[in-house]
Amino acid sequence: MAVATATVNSTLPFRVADFETLTEGLDYAAGGETGISFYSPRGELETALTYAELREQAMSMALKLVAAGYPRGMRFAIVAETHPYFHIFFFACQYAGLIPVPLPLNMNMGAHDAYVARLRGMIRESGCGAVVAREEMLVFLREAASGLDIDVGTPEDFAAGPESQGDLRPFDGEGPCYIQYSSGSTSAPRGVFITQKAITSNARGISRHGLKVEQGDRSTSWLPLYHDMGLVGFCIAPIMSQVTVDYLATASFARRPLVWLKLMSKTGGTISFGPTFGYDLCARRGLNGSASELDLSNWRIAGVGGEMVRAEALESFATTFGEVGFSKTAFLPSYGLAEACLGVCFPEVGSGVEVDRIDKRIFAATGRAVPLQDNDEDKAGLAFMKDPSSAQGRDFVVCGRPLPGHKIEIRDDHENPLGERSVGRVMVKGPSVMAGYFEKPSLTAAAMTVDGWLDTGDLGYLIDGKLVITGRRKDLIIHNGRNIWPQDIEWALEGVDQIRSGDAACFAVETDDDDCDNEVVAVVQCRSSDRDVQDELVREIGATVYRASGLNCRVVLVPTRSLTFTSSGKLSRAAVKADYLAGVLNVLNESSGALPATQSVASARTLRASES
């Protein structure tokens with residue numbers, strides 16, 4: 001019977017991520033009793049490995065990979081299941097001088113062709129010489145690798161080879177570490193090339209300053225290991241500080257969200273992260289008779305990231321689970337991205353959620369995030385603001401200050417720095433920033449300045465050096481000179497009966513009429529086949545959009561599972577827009593209005609490839 005790994009090392013002195021390479025960090029962690037544990041969909045322990053056992057198995061596998069003749073620096077792809085073999089092969093590559101490439105799981109088993117195409121793109125673009133996955137995944141891998149000169153096998157296949165009699169050959173602190181395909185990568189995959197120096201710097205910043213990791217901390221994660229928050233936050237960073245991690249598969253969480261909380265309670269977990277929707281799912285389930293089973297009083301850091309943070313969802317979670325010991329001061333909204341390994345900005349641990357409420361009308365007209373209480377016409381500089389009570393507020397969650405050694409600037413489209421509370425492009429610079437997109441010099445040049453500033457693709461503003469994210473630049477709707485956040489419309493639609501979270505995507509498209517502004521489109525998933533129900537839903541959606549934004553929009557109803565999401569669970573409005581323009585959506589019903597004709601089917605598909 002498996003025994004969960006220890007929370008505290010009995011004799012090994014605690015070191016917080018002061019290592020130059022991943023192998024140095026694992027070598028040190030192997031001197032203690034902490035490690036990793038894997039749990040079933042119902043929260044029962046299945047497998048446990050101490051870091052000593054992980055190191056032993058990784059080094060043995062590394063010798064087999066060297067014996068197989070794989071050249072130093074070769075890329076080795078690993079399907080990133082929440083399973084011990086991922087950790088073993090990831091660190092085997094580190095010891096063998098190979099570069100691991102985590103590949104995503106197929107979370108939608110009905111999308112066979114799309115998943116194979118996604119795998120093939122990543123395998124081809126990374127130029128990997130081998131790929132490993134469990135037996136049930138080989139049908140996808142073999143199809144994806146068809147015609148390519150690479151080895152495909154199970155963990156057992158690679159383990160059957162002989163061990164090399166030579167030495168291991170880990171990279172030094174200046175060497176490469178891994179290639180991370182960003183969550184938005186679909187038909188045009190972009191591999192983020194991460195060095196040892198970048199990842200150890202980020203793990204150090206996250207552990208020492210972002211989370212203030214303590215001896216005795218214990219992490220819990222259901223996040224996918226092919227996403228930066230799962231890979232860095234709950235695989236690499238914990239090992240660099242000898243912290244034990246308890247794993248629940250992402251699919252297990254999706255089926256039974258409360259198992260996450262039961263696992264936190266059972267193990268005494270102190271650190272866990274998730275996107276807002278994870279907390280929202282649990283709050284919607286409620287205690288559900290589980291009050292006597294849960295004790296969340298040890299949970300000191302409930303991190304939030306990976307998507308726009310919604311304060312009301314977090315408040316609902318805190319209210320629901322405060323009864324079993326959860327403290328809302330545990331919330332830690334943060335900001336990061338794969339191109340900076342993971343973490344960039346964090347608030348102070350224990351400070352909870354800080355909300356900045358701004359005037360939507362002033363932002364729409366000027367692009368400035370003016371606090372709602374400061375909206376008189378002199379301060380706003382707007383003659384039309386005669387009645388302050390007519391202003392509409394919008395809450396944004398503050399994501400804290402950049403990690404030591406990192407800088408944030410907000411710039412306009414001409415690279416000019418903007419002042420506080422002016423919304424613009426979020427630029428990041430620091431030791432955690434990627435070396436570039438793997439073998440994509442043109443993409444790298446487009447994303448990074450010659451002096452090392454990374455254009456994140458996000459929009460935001462600063463308050464006293466603290467970052468507030470307002471959305472993705474390519475998603476912002478500009479209509480009749482107004483700036484409108486699509487998520488505001490989508491969230492408003494969640495208040496309509498029959499519409500669930502994640503059912504709506506809103507965007508603007510150009511029209512052929514030069515005298516008309518862009519047309520705003522709301523694509524909404526519908527579960528009813530009744531035409532009268534659909535007609536009423538179209539009318540209600542149109543009215544809701546108008547109340548939320550003052551916009552008249554085209555409403556398009558589509559079947560469930562029609563919208564596209566990234567591997568991290570974020571809605572890809574660009575992909576939905578491209579599907580709409582290409583005419584590939586199965587439209588059930590729609591409001592009247594001329595279809596945009598500025599995009600041909602072929603060009604729209606090109607748009608999807610370039611924006612995904």
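Scoring rules and cut-offs
- Residues numbered from 1 in each chain as written.
- Predicted model: local features only at pLDDT ≥ 70, side-chain atom pairs only at ≥ 80, totals over all residues.
- Heavy atoms only, no water.
- Helix = DSSP H or I, 4+ residues; strand = E, 2+ residues; numbered from the N terminus.
- Rg over C-alpha atoms; globule rule 2.2 N^0.38 Å.
- Buried < 20%, exposed > 50% of the residue type's maximum accessible area, 1.4 Å probe, protein only.
- Contact = heavy atoms within 4.5 Å.
- Areas by Shrake-Rupley, 256 points an atom, 1.4 Å probe, with all protein chains shown as cover.
- Lys, Arg positive; Asp, Glu negative; His and termini not counted.
- Charge placed at Lys NZ, Arg CZ, Asp CG, Glu CD.
- Disulfide = S-S within 2.5 Å.
- Salt bridge = Lys/Arg side-chain N within 4 Å of Asp/Glu carboxyl O.
- Pairing = 2+ DSSP bridges.
- 1 Å grid on protein atoms, 1.4 Å probe; cavity = no way out; pocket = protein on both sides within 12 Å on 5 of 7 lines; lining within 4 Å.
- Points joined across faces, edges and corners; volume = space filled by probe spheres on them.
- Nonpolar A, V, L, I, M, F, W, Y, C, P; charged D, E, K, R; others polar.
- Axes fitted to C-alpha atoms, helices over the stretch in contact; angles between N-to-C directions.
- Parallel < 35°, antiparallel > 145°, perpendicular 65-115°, else oblique.
- Left-handed = near helix turned anticlockwise from the far one by under 90°.
- Core = buried A, V, L, I, M, F, W, Y, C linked by side-chain atoms within 4.5 Å.
- pLDDT = per-residue confidence, 0-100.
- Polar contact = N/O pair within 3.5 Å; in protein donor to acceptor, adjacent residues only side chain to side chain.
- Expected span 1.5 Å × (residues − 1).

Here we come to the overall build of the chain. The secondary structure content of the chain amounts to 19 helices and 29 strands. What you see for the chain is a C-alpha radius of gyration of 24 Å, in line with the 25 Å of a compact globule of 612 residues. Seen along its three principal axes, the alpha-carbon backbone of the chain occupies a region of about 75 × 55 × 55 Å. Counting over 612 residues, the chain shows a buried share of 57%. Here the contacts in the chain between residues at least 6 apart in sequence split such that 71% fall between residues at least 24 apart. As displayed, the chain offers around 24300 Å² of accessible surface, 48% of which is attributable to carbon and sulfur atoms. Averaging the locations of the 58 positively and 76 negatively charged side chains of the chain gives two centres separated by 1 Å.

Here we come to the state of the cysteines. This model, assessed by the stated rule, comprises zero disulfides. With no disulfide of its own, C93 has C177 as its nearest cysteine by sulfur position, at a separation of 10 Å. With no disulfide partner, C235 has as its closest neighbouring cysteine sulfur the one in C177, 10 Å distant. Judged by relative accessible area, C235 falls into the buried class, the value being 1%.

Now for the pattern of salt bridges. What the rule picks out here adds up to 33 salt bridges. Across the salt bridge formed by E214 and R300, the nearest N and O atoms sit 3.8 Å from each other. On the criterion of sequence distance, the pair formed by E214 in the loop between helix 7 (196–210) and strand 9 (218–221) and R300 in the loop between helix 11 (276–285) and strand 12 (301–304) is long-range, its members being 86 residues apart. E214 gets classed as partly exposed once you look at its relative accessible area, which sits at 43%. R527 serves as the salt-bridge partner of D503, at 2.7 Å between the closest nitrogen and oxygen.

Consecutive side chains along a regular strand alternate between the two faces of the sheet. The side-chain alternation of strand 9 yields two buried faces, one formed by R218 and T220 and the other by S219 and S221. Here strand 9 pairs with strand 10 (residues 244–248) via four bridges, running parallel. Paired with T220 across the bridge in strand 10 is D246.

A word on empty space enclosed by the protein. Overall, the coordinates contain three cavities of 30 Å³ or more when judged by the stated rule. Of the volumes computed, that of the largest cavity is approximately 80 Å³. Lining the largest cavity are 14 residues, and of these N9, F14, Q215, G216 and Q242 lie nearest its centre. Of the residues contributing to the lining of the largest cavity, the split by class is five nonpolar, seven polar and two charged.

All right, on to the packing of helix 11 against helix 12 (residues 311–321) then. Contact geometry for helix 11 and helix 12: axes closest at 8 Å, N-to-C directions at 40°. With respect to helix 12, the element helix 11 is oriented oblique. Seen from above, helix 11 lies across helix 12 with left-handed handedness. Contacts from T276, Y279, D280, C282 and A283 in helix 11 reach A313, L314, S316, F317, T320 and F321 in helix 12. The residue inventory of the contact of helix 11 with helix 12, partitioned by class, reads seven nonpolar, three polar and one charged.

Within the largest apolar cluster, 154 residues are counted, with the highest numbers of intra-cluster contacts made by F76 and F321. With ten residues, the single largest contributor to this core is helix 3 (residues 84–96). Ignoring sequence-local partners within four residues, the contact set of F76 consists of L65, Y70, F89, C93, L98, I99, P100, V101, C128, A130, V132 and F158.

Once that is clear, we can look at the confidence of the model for the chain. Predicted confidence across the chain gives a mean pLDDT of 88, with 90% of residues reaching 70 or more. With pLDDT under 50 throughout, residues 375–391 is counted as low confidence; its partners more than four residues away or in other chains account for 23 contacts. Every residue in residues 594–612 is under pLDDT 50, and counting partners more than four places away or in other chains gives 35 contacts.

Along the polypeptide, S37 turns up in strand 1 (residues 35–39). Among the polar contacts listed, one links the side chain of S37 to the side chain of T5, at a separation of 3.1 Å. Apart from residues no more than four positions distant in its own chain, S37 is found in contact with A4, T5, L45, T47, A48, R218, V245, D246 and Y247.

This part takes up unusual backbone geometry. Its identity is not glycine, yet E415 carries a phi of approximately 70°, on the positive side. On the secondary structure map, E415 appears in the loop between strand 19 (407–411) and strand 20 (424–429). Phi is positive for E439, close to 50°, though the residue is something other than glycine. E439 gets classed as exposed once you look at its relative accessible area, which sits at 61%.

Mapped onto the secondary structure, R401 falls in strand 18 (residues 401–402). For R401, a relative accessible area of 41% corresponds to the partly exposed category. For the pair R401 and L462, spaced 61 residues apart in sequence, the C-alpha to C-alpha distance is 9.3 Å. Look past the residues within four positions of R401 in its chain and what remains in contact with it is V344, C345, F346, D464, G465 and K466. Within the structure, R401 has its side chain in polar contact with the backbone oxygen of D464 (distance 2.5 Å).

Its 15 residues place the ends of helix 4 (residues 112–126) 21 Å apart at the C-alpha level, agreeing with the 21 Å of an ideal helix rising 1.5 Å per residue. Regarding helix 4, the residues found buried are Y115, V116, R118, L119, G121, M122, I123 and S126. Turning to helix 4, the residues buried within the fold contact strand 3 (75–79), strand 4 (99–103), helix 5 (138–144) and strand 7 (176–181). G127 occupies a position one or two residues after helix 4 and carries a positive phi of about 65°.

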